[in-house]
Amino acid sequence: MFKEIFESAKEFGVKTKYIVGPINKNNIVRNINNYEDAVFYVSGPSPMVHATEKLLLDTGIKKQSIKTDFFPGYEGI
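Residues numbered from 1 in each chain as written. Predicted model: local features only at pLDDT ≥ 70, side-chain atom pairs only at ≥ 80, totals over all residues. Heavy atoms only, no water.

Asks: I'd like a description of the pattern of salt bridges, backed by residues and values.
Replies: A pair can form between side chains of opposite charge whenever their charged atoms are brought close. Taken as a whole and judged by the stated rule, the model has 3 salt bridges. Between lysine 10 and glutamate 7 there is a salt bridge whose closest N-O contact spans 2.8 Å. Overall, glutamate 7 belongs to the partly exposed group, its relative accessible area being 29%. A salt bridge links lysine 63 to glutamate 53, with the nearest nitrogen and oxygen atoms 2.7 Å apart. Of this pair, lysine 63 sits in the loop between helix H3 (46-58) and strand E2 (66-70) while glutamate 53 sits in helix H3; the two residues are 10 residues apart in sequence, bridging distant segments of the chain. (Salt bridge = Lys/Arg side-chain N within 4 Å of Asp/Glu carboxyl O. Buried < 20%, exposed > 50% of the residue type's maximum accessible area, 1.4 Å probe, protein only. Helix = DSSP H or I, 4+ residues; strand = E, 2+ residues; numbered from the N terminus.)

Asks: Which residues make up the pairing of E2, and what values do they have?
Replies: For strand E1 (residues 40-44) and E2, the ladder comprises 5 bridges, and the chain directions are parallel. Within E2, the residue paired with phenylalanine 40 across the bridge is isoleucine 66. (Pairing = 2+ DSSP bridges.)

Rendered as structure tokens:
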């Protein structure tokens, strides 16, 4: 749905990585080159964003390399 937006962001230096399957430490390490130096943008329902942020921190990503955004109205899902 948002693929065109992510693809158009390439002109600004944004590299999007699509991962099929669960987002876990193994998939991050295996699929993202230099993941320790990458900037991660996490957007979605608040519980998912918090869980993903914790996973990234547990993987060794620095807090300042994690940008978050929340979709309002999905807390009950």
